[in-house]
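Survey of secondary and tertiary structure
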Amino acid sequence: MASISCRGIYKIYPGNVQAVTDFNLEIEDKEFIILVGPSGCGKSTTLRMIAGLEEISKGELYIGDRLVNDVPPKDRDIAMVFQNYALYPHMTVYKNMAFGLELRKTPKDEIDKRVREAARVLDIEHLLDRKPKALSGGQRQRVALGRAMVRNPAVFLLDEPLSNLDAKLRTAMRTEIIKLHQKLGTTFIYVTHDQTEAMTMGDRIVVMKDGIVQQVDTPQNLYDYPCNMFVAGFIGSPQMNFLDATLVKEGGNYYVDLGGDKLLINPAKAAANTAKLDAYLGKTIKAGIRPEDIKDDEEFLEKHKDATITANVEVSELMGSEIYLYLTYKGYKMTARVNPTSKAKNGMDVKVALNTNKLHLFDPSDESVILN
């Protein structure tokens, strides 16, 4: 059993610098949790506190039922995989993987069995006699994973393990790590600043900013129901478009007024949130719409004729299966993901529709969500 309980954890450095503030999280046994956020948000510091490499300033950390605040890293039954692999350059792959077990006085035949089994799972059996300098980045990353695996830890901690790899290899290694998690049935805590990694790998994602947890949820719920503008803008690529707007009501319907262009809010959605919407009538709000919910094809325009605008195409970028249109509209920059059949060209004015069923409204003062 390796559930982890973080209760009101703080990391305060000298000079009252708060790197992590009131971090609360319950991680279930065998769960794959992702900590994500921009550089300096406290995600690696949190991971290092769980590992025991950083002291906890305040709060309690439990692994299973055991309070581990003062337990040294080697006694926490965890293994950590670092961003820079941290392999011993003078040792072979076999020795790198076996070294931790040798320190623990594990019997030689048991070490051999575990190292060869991990090498087989990670497809690095043919590399066991090589030294790290003779390996590619992806191979080194597998060795680092193997070194953690042979310990049979209750918890795997991974600190940006793919950030040194090229794009193609990162995609392949993502799949490998997901398969590894399924195979080992162990709790994984994975730190990344790459939201694509977060969306594709985790059971749940913890979004952090300035040392504070913004939202914890499944990838799909974070995407569909962000709790504030930061989460909405951070999760999703290309990121969500934000526009200044005014909320108005006409004839029983609610509209988002973009300075003359009015977008009808889905009446069913509005009816379920009238009290909240009424509080913002006549006020400036932020409207958010994801790029895939802006289209220029006839069928989409017909379907969403209550929410059309005309924008200028700055750049049209063919991505193969779709086109990214970088638009300007009343001084705002917007991105639309449209079908590859789109006729929009650079410099053209183009009529696009917004799927207002997927419109997000935010309070501009505290950036909290009004309506998802």
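Residues numbered from 1 in each chain as written. Predicted model: local features only at pLDDT ≥ 70, side-chain atom pairs only at ≥ 80, totals over all residues. Heavy atoms only, no water.

Identification of the protein chain as Sn-glycerol-3-phosphate ABC transporter ATP-binding protein UgpC from Ruthenibacterium intestinale is taken from an unreviewed UniProt entry.

Considering the sheet that holds strand E2 (residues 17–27)
Adjacent strands of a sheet pair through backbone hydrogen bonds, lying either parallel or antiparallel. Pairing is antiparallel across the open sheet formed by 4 strands, whose spatial order is E2-E1-E4-E5. Each having just a single partner strand, E2 and strand E5 (66–67) make up the two edges of the open sheet. Sheet analysis places strand E1 (residues 4–13) next to strand E4 (residues 58–63), joined by 5 bridges and oriented antiparallel. Of the residues in E4, the one forming a bridge with tyrosine 10 is lysine 58. Seen against the sheet, helix H1 (residues 43–51) touches E1, E2 and E4 and runs at an angle of roughly 115 degrees to E1. (Pairing = 2+ DSSP bridges. Helix = DSSP H or I, 4+ residues; strand = E, 2+ residues; numbered from the N terminus. Contact = heavy atoms within 4.5 Å. Axes fitted to C-alpha atoms, helices over the stretch in contact; angles between N-to-C directions.)

A look at helix H5 (residues 167–184)
Its 18 residues place the ends of H5 26 Å apart at the C-alpha level, agreeing with the 26 Å of an ideal helix rising 1.5 Å per residue. Of the positions making up H5, those classed as buried are Arg170, Met173, Arg174, Ile177, Leu180 and His181. Down the axis of H5, the buried side of the element spans an arc of 130 degrees, and every buried residue falls inside it. In H5, the exposed positions that point more than 90 degrees away from the buried face belong to Lys168, Gln182 and Lys183. (Expected span 1.5 Å × (residues − 1). Buried < 20%, exposed > 50% of the residue type's maximum accessible area, 1.4 Å probe, protein only. Arc of directions from axis to C-beta.)

A closer look at the confidence of the model for the protein chain
Confidence in the prediction of the protein chain, expressed as mean pLDDT, is 91, and 100% of residues score 70 or more. For the protein chain, per-element mean pLDDT is lowest for H5, which scores 86, and highest for strand E10 (residues 212–217), which scores 97. (pLDDT = per-residue confidence, 0-100.)

Digging into the pattern of salt bridges
A full pass over the atoms with the stated rule returns 20 salt bridges. Put simply, arginine 120 and glutamate 117 hold a salt bridge, and the shortest N to O gap is 2.9 Å. In this pair, arginine 120 and glutamate 117 both sit in helix H3 (residues 108–121), 3 residues apart, roughly one turn of the helix. With relative accessibility at 46%, the residue arginine 120 sits in the partly exposed group. A salt bridge links glutamate 292 to arginine 337; the nearest nitrogen and oxygen atoms lie 3.9 Å apart. Remark: arginine 337 occurs in strand E18 (residues 332–338) and glutamate 292 occurs in the loop between strand E14 (284–289) and strand E15 (294–295); sequence separation between them is 45 residues. (Salt bridge = Lys/Arg side-chain N within 4 Å of Asp/Glu carboxyl O.)

Concerning the nonpolar core
The tendency in soluble globular proteins is for nonpolar side chains to be buried side by side. By size, the foremost hydrophobic cluster in this structure holds 47 residues, and its most contacted members are Met97 and Ile177. Not counting residues within four places of it along the chain, the set of residues in contact with methionine 97 comprises Val115, Ala118, Ala119, Ile124, Leu128, Val143, Gly146, Arg147 and Val150. Judged by nonpolar contacts, the second largest core, of 34 residues, contains Val256, Leu263, Ile289 and Val350. (Core = buried A, V, L, I, M, F, W, Y, C linked by side-chain atoms within 4.5 Å.)

Let's talk about the side chain of glutamine 215
You can see glutamine 215 is positioned in strand E10. Look at glutamine 215 and you get buried, because its relative accessible area is 10%. A polar contact is formed between the side chain of glutamine 215 and the backbone nitrogen of cysteine 227, at a distance of 2.7 Å. Beyond its immediate chain neighbours, meaning those up to four positions away, glutamine 215 contacts Ile205, Val206, Val207, Leu222, Tyr225, Pro226, Cys227 and Val231. (Polar contact = N/O pair within 3.5 Å; in protein donor to acceptor, adjacent residues only side chain to side chain.)

Section: the side chain of glutamate 160
Within the secondary structure, glutamate 160 sits in the loop between strand E7 (155–159) and H5. Non-local contacts of glutamate 160, meaning those with residues more than four positions away in its chain, are made with Lys43, Gln83, Val191, Thr192 and His193.

Focus: the packing of aromatic side chains
Aromatic ring pairs are reported here in terms of the distance separating the ring centres and the angle at which the planes meet. In total, this model carries 7 aromatic pairs according to the counting rule given. Geometrically, the ring pair formed by phenylalanine 242 and phenylalanine 362 is edge-to-face, given 5.9 Å between the ring centres and 70 degrees between the ring planes. A residue pair is termed long-range when its members are at least 10 positions apart, and phenylalanine 242 in strand E11 (residues 241–250) and phenylalanine 362 in strand E20 (residues 360–362) qualify at 120 residues. Seen from their ring centres, tyrosine 324 and tyrosine 326 are 6.5 Å apart, and the 85 degrees between their planes marks the pair as edge-to-face. A relative accessible area of 12% means that tyrosine 324 is categorised as buried. A relative accessible area of 27% places tyrosine 326 in the partly exposed class. (Phe/Tyr/Trp six-rings, centres within 6.5 Å; stacked < 30°, edge-to-face > 60°.)

Section: the pairing of E7
In terms of residue burial, E7 counts as a mostly covered element, since 5 of its 5 residues are buried. Both faces of E7 are covered, namely the face carrying Val155, Leu157 and Asp159 and the face carrying Phe156 and Leu158. Relative to E7, strand E6 (residues 78–81) runs parallel, the two being bridged by 4 bridges. The residue bridging valine 81 from the neighbouring strand is leucine 158, located in E7. Judged from the 5 bridges that link them, E7 and strand E8 (residues 187–192) form a sheet pairing that is parallel. Within the sheet, the bridge partner assigned to aspartate 159 lies in E8 and is valine 191. Chirality of the crossover, the property in question, places the unit of E7, H5 and E8 among those that are right-handed. (Right-handed = clockwise from strand over helix to strand, strands pointing away.)

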